[in-house]
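Chains, contacts and geometry: an overview
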Amino acid sequence: MDSADAQLTLIASWIDEAAQAQSSHAAQRALDTRIPISEHAGAFNTEDSTAALRKATGWAFSYQVQVNEKEGKWRAEIRPYFEGPDGSARPPHAAKTPEACAEIWSTLSEMIVSSYGKARLHHLLFERRFGNVRNHAIQAAHAYLQLSHEWSEWLDKEESLNLSLRLARAVGETSLADRVMGEMLDLINSVISGEADAPGVALRLLRPLVSERSAPEGLSAALDAAMQAYDSPFIRDEIITLKMTKAVNPEDRDVLQEQRVQIWLDAADQVSGLAKSGHLKTALRRAESSGNPALIDRAASALQKIREEDLGLASFRASGAISREAFQQFMAPVTSVPGWREALIQFAHAYGPAVGTIEGTKRAADEFARNSIVTELVTTELLGADGLPRFSPQNDTEKREMQLARQESFVLQTTAPLLAHALHKIAEVHGIPSEEDLAEYFSQGPLSTPDLAASIARCFIRYWTGDPEGATFSVAPKIEALARNLVIDLDAGVYRLQRNERPGQYPGLGVLLNVLREKGLNESWYRNILTICGNPAGGWNLRNDLAHGFIDHAGSPAAALLLQCVVYLWTLGAKGEASGAEVEG
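Read on for a plain summary of the structure. (Residues numbered from 1 in each chain as written. Predicted model: local features only at pLDDT ≥ 70, side-chain atom pairs only at ≥ 80, totals over all residues. Heavy atoms only, no water.)

Some points on the overall build of the protein
When you go through the protein residue by residue, the secondary structure sums to 27 helices and 8 strands. The burial tally for the protein puts 46% of its 585 residues in the buried class. Summing over all exposed atoms, the protein offers an accessible surface of approximately 29000 Å²; the carbon and sulfur share of this is 48%. (Helix = DSSP H or I, 4+ residues; strand = E, 2+ residues; numbered from the N terminus. Buried < 20%, exposed > 50% of the residue type's maximum accessible area, 1.4 Å probe, protein only. Areas by Shrake-Rupley, 256 points an atom, 1.4 Å probe, with all protein chains shown as cover.)

Looking at unusual backbone geometry
Put simply, R90 and P91 share a cis peptide bond, and its omega is -10 degrees. By the secondary structure assignment, P91 is in the loop between β4 (89-90) and α4 (99-111). Within the chain, R129 stands out as a residue other than glycine whose phi angle is a positive 60 degrees. As for its position among the elements, R129 is in the loop between α5 (115-128) and α6 (133-150). Judged by its relative accessible area of 52%, R129 falls in the exposed class.

Re helix α11 (residues 233-246)
Given a rise of 1.5 Å per residue, 14 residues ought to cover 20 Å, and the 20 Å separating the end C-alpha atoms of α11 matches this to within 8%. Buried within α11 are the following residues: P233, I235, D237, I239, I240, L242 and M244. Of the surrounding elements, those touching the buried residues of α11 are α9 (199-211), α10 (219-229), α12 (250-269) and α13 (273-290). (Expected span 1.5 Å × (residues − 1). Contact = heavy atoms within 4.5 Å.)

Points about the pairing of strand β1 (residues 64-70)
By the bridge criterion, 7 bridges tie β1 to strand β2 (residues 73-79) in an arrangement that is antiparallel. Residue pairing across strands places Q64 opposite R79, the latter belonging to β2. Linkage of β1 to β2, two consecutive antiparallel strands, is achieved through a turn of 2 residues, within which E71 is found at a positive phi near 55 degrees. (Pairing = 2+ DSSP bridges.)

A word on helix α1 (residues 3-18)
When the terminal C-alpha atoms of α1 are compared, their 22 Å separation across 16 residues agrees well with the 22 Å that a helix rising 1.5 Å per residue should span. Within α1, the full set of buried residues consists of Q7, L8, I11, A12, W14, I15, D16 and A18. For α1, the elements touching its buried residues are α2 (24-34), α3 (49-60), α4 and α5.

What about the packing of helix α21 (residues 450-464) against helix α22 (residues 468-489)?
For the pair α21 and α22, the least separation of the axes is 8 Å and the interaxial angle reads 150 degrees. When the axis of α21 is compared with that of α22, the two are roughly antiparallel. α21 and α22 meet at a crossing whose hand is left-handed. Of the residues in α22, those in contact with L452, S455, I456, C459, R462 and Y463 of α21 are P468, G470, A471, S474, V475, K478, A481, L482 and N485. Looking at side-chain class alone, the contact of α21 with α22 contains 9 nonpolar, 4 polar and 2 charged residues. (Axes fitted to C-alpha atoms, helices over the stretch in contact; angles between N-to-C directions. Parallel < 35°, antiparallel > 145°, perpendicular 65-115°, else oblique. Left-handed = near helix turned anticlockwise from the far one by under 90°. Nonpolar A, V, L, I, M, F, W, Y, C, P; charged D, E, K, R; others polar.)

Regarding the packing of aromatic side chains
Taken as a whole and judged by the stated rule, the model has 13 aromatic pairs. Between F460 and W464 the ring centres are 5.5 Å apart and the planes differ by 45 degrees, which places this aromatic pair in the tilted class. Taken as a pair, F460 and W464 lie in helix α21 at a separation of 4 residues, close to a single helical turn. For F460, a relative accessible area of 0% gives the class buried. Taking relative accessible area as the criterion, W464 reaches 9% and is therefore assigned buried. Taken together, the ring pairs connect W340, Y441, F442, F460, W464 and W570 into an aromatic cluster. Cation over ring: R129 sits above F126, and NZ or CZ is 4.5 Å from the ring centre. (Phe/Tyr/Trp six-rings, centres within 6.5 Å; stacked < 30°, edge-to-face > 60°. Lys NZ or Arg CZ within 6 Å of the ring centre and 35° of its normal.)

Some points on the side chain of D16
In this fold, D16 is placed in helix α1. In this structure, D16 is buried with no salt-bridge partner, the nearest side chain bearing the opposite charge being K118 at 7.9 Å. Polar contacts involving the side chain of D16 include one to the side chain of S114, which spans 2.7 Å. Look past the residues within four positions of D16 in its chain and what remains in contact with it is I112, V113 and S114. (Lys, Arg positive; Asp, Glu negative; His and termini not counted. Salt bridge = Lys/Arg side-chain N within 4 Å of Asp/Glu carboxyl O. Polar contact = N/O pair within 3.5 Å; in protein donor to acceptor, adjacent residues only side chain to side chain.)

A few points about the nonpolar core
Taken as a class, soluble globular proteins show a tendency for nonpolar side chains to be buried jointly. Core analysis: the biggest nonpolar cluster contains 98 residues, and W105 and I188 have the highest contact counts within it. Top element by residues in this core is helix α8 (residues 174-195). It accounts for 10 residues. Each residue touching I188, except ones within four places of it in the same chain, is listed here: A202, L205, L206, L209 and A222. By size, the runner-up hydrophobic cluster in this structure holds 70 residues, among which are I426, I456, F460 and Y463. (Core = buried A, V, L, I, M, F, W, Y, C linked by side-chain atoms within 4.5 Å.)

Description of the environment of A287
Relative to the elements of secondary structure, A287 occurs in helix α13. Of the residues examined, A287 reaches a relative accessible area of 0% and is grouped as buried. If near-sequence neighbours (up to four positions away) are discounted, A287 is found in contact with V261, N292, L295, I296 and A299.

Points about the pattern of salt bridges
Counting across every chain of the model gives 19 salt bridges. Across the salt bridge formed by E258 and R298, the nearest N and O atoms sit 3.1 Å from each other. Note that E258 is positioned in helix α12 and R298 in helix α14 (residues 293-304), a separation of 40 residues in sequence. Overall, the relative accessible area of 37% leaves E258 in the partly exposed class. Residue E408 pairs with R527 through a salt bridge whose shortest N-O separation is 2.5 Å. One end of the pair, E408, is in helix α19 (residues 396-430); the other, R527, is in helix α25 (residues 523-533), and 119 residues separate them in sequence. E408 sits in the buried class, given a relative accessible area of 0%. Residues participating in the shared-partner salt-bridge network are R166, R169 and E212.

Notes on the packing of α25 against helix α27 (residues 556-571)
One can describe the packing of α25 onto α27 by two numbers: an axis separation of 11 Å at closest approach and a directional angle of 145 degrees. Where α25 crosses over α27, the handedness of that crossing is left-handed. Residues W525, N528, I529, I532 and C533 of α25 form the contact with α27, whose own contacting residues are L561, L562, Q564, C565, Y568 and L569.

And the structure:
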């Protein structure tokens with residue numbers, strides 16, 4: 001026996017020895033101790049027969065082999081354990097391995113006796129399209145089937161059966177496929193009956209079986225048994241989904257849809273806090289996907305009954321201090337001017353947008369993301385004033401918008417009280433103007449009608465005479481009115497917006513602000529109004545919450561923010577008369 005034959009015999013013995021392990025992971029580790037991963041690198045050198053034999057073997061048993069579903073079809077995949085962005089792979093993709101490597105695999109497949117070795121090598125040769133391809137698939141399928149009885153780990157048993165079925169199907173071995181599916185059902189029933197607490201194994205076997213055109217006898221019973229065996233709503237939901245793929249009659253599908261919604265409603269009754277809210281949201285999503293109005297109403301009603309105190313959330317408060325000198329300096333823009341008219345202009349323009357500049361917001365949001373890595377990694381969902389879900393980012397754009405809105409909300413916590421003091425200072429230093437004087441003043445703006453000017457005047461009077469809540473509720477709609485008038489003044493076409501957005505309805509504030517933004521509205525002020533009034537990605541959302549009755553009490557800070565927005569919009573005009581006019585501050 002020459003050295004090459006001796007080396008082949010030795011390596012074959014290593015493979016059969018590794019196959020005595022109790023799991024696929026242990027078997028691979030045993031081979032790794034014989035042929036370390038460092039030998040996988042580099043080109044396949046046929047001039048060094050020993051190195052070639054070792055590399056071919058190391059490659060063969062380091063591939064990741066699994067069954068996956070793609071576009072509704074189940075396939076067995078053999079993939080390298082490493083794939084670089086430049087297209088490099090280790091080991092090479094099976095189809096791209098050198099001919100000499102495949103020849104070694106073929107020789108070894110005839111020498112070894114273990115199911116573990118035969119399954120892997122024949123599967124690789126089938127994937128490589130080397131020799132008698134059909135025969136390789138059949139031998140691999142039989143070896144995987146046998147291997148399912150030899151492994152002690154339940155996941156290894158499941159994976160071996162799934163691989164066996166896929167290879168049998170790949171070459172049209174119907175009788176073998178039927179045998180494998182019978183073994184899969186047996187394993188499912190063993191797991192469900194309590195021999196192992198492994199619902200994942202049962203599901204990983206049920207999924208491909210359900211997709212078979214001719215479902216094996218006993219599949220429906222296995223699905224029913226799984227429903228009875230498992231309490232988890234997540235598992236039960238998936239089992240219902242699997243049953244729906246086999247349902248033919250619309251009536252049967254309707255029953256299953258109702259069961260799927262009820263699973264989550266029942267689960268919500270067993271928990272509290274955010275878990276309860278999550279289950280109820282899932283129930284609503286399932287109901288909406290069914291298209292059944294009665295189911296949607298049932299799920300929506302359950303979700304709407306949950307309140308903020310039911311969620312178990314914690315509230316935190318913080319306070320800060322400002323020196324008298326700094327406070328007086330902040331008040332100077334409204335106290336050092338000749339009268340209340342100039343002070344109102346300063347109130348809007350000297351202090352600028354309450355959320356700060358967009359540049360500052362972006363810098364602060366980026367710094368928070370760098371320093372709060374865990375916060376940025378976890379999924380975040382915003383709740384509205386009613387305690388119900390309002391927003392959860394689905395992509396990078398929405399996540400960035402939420403980051404900015406969160407930072408702007410932090411800033412508002414500080415600036416809103418200061419703006420409230422500044423607005424009070426105007427009346428304290430310059431006196432409270434009469435309603436008639438205020439109405440006449442606001443009627444001079446290019447966006448005001450006499451009635452709108454009088455209404456804005458009354459809002460300021462309410463604030464200065466001790467009714468900030470009345471000012472808040474009455475001034476909020478004026479922001480949209482001024483924004484709409486500005487769009488008209490720019491000839492952007494409210495009627496066109498109304499027709500394109502929702503026929504029969506006026507475009508909302510968000511739509512109007514987007515038009516103004518395109519026409520040149522300052523980005524920082526755009527974000528200020530949006531975040532204060534109605535940013536779905538976060539913010540104070542005062543206008544929206546007021547309109548829907550979710551705010552029962554509004555104080556001076558909220559009123560001051562809205563009044564500043566009104567004054568800012570009121571001061572805007574248009575450049576020129578053409579339809580291409582732009583906003584100017």
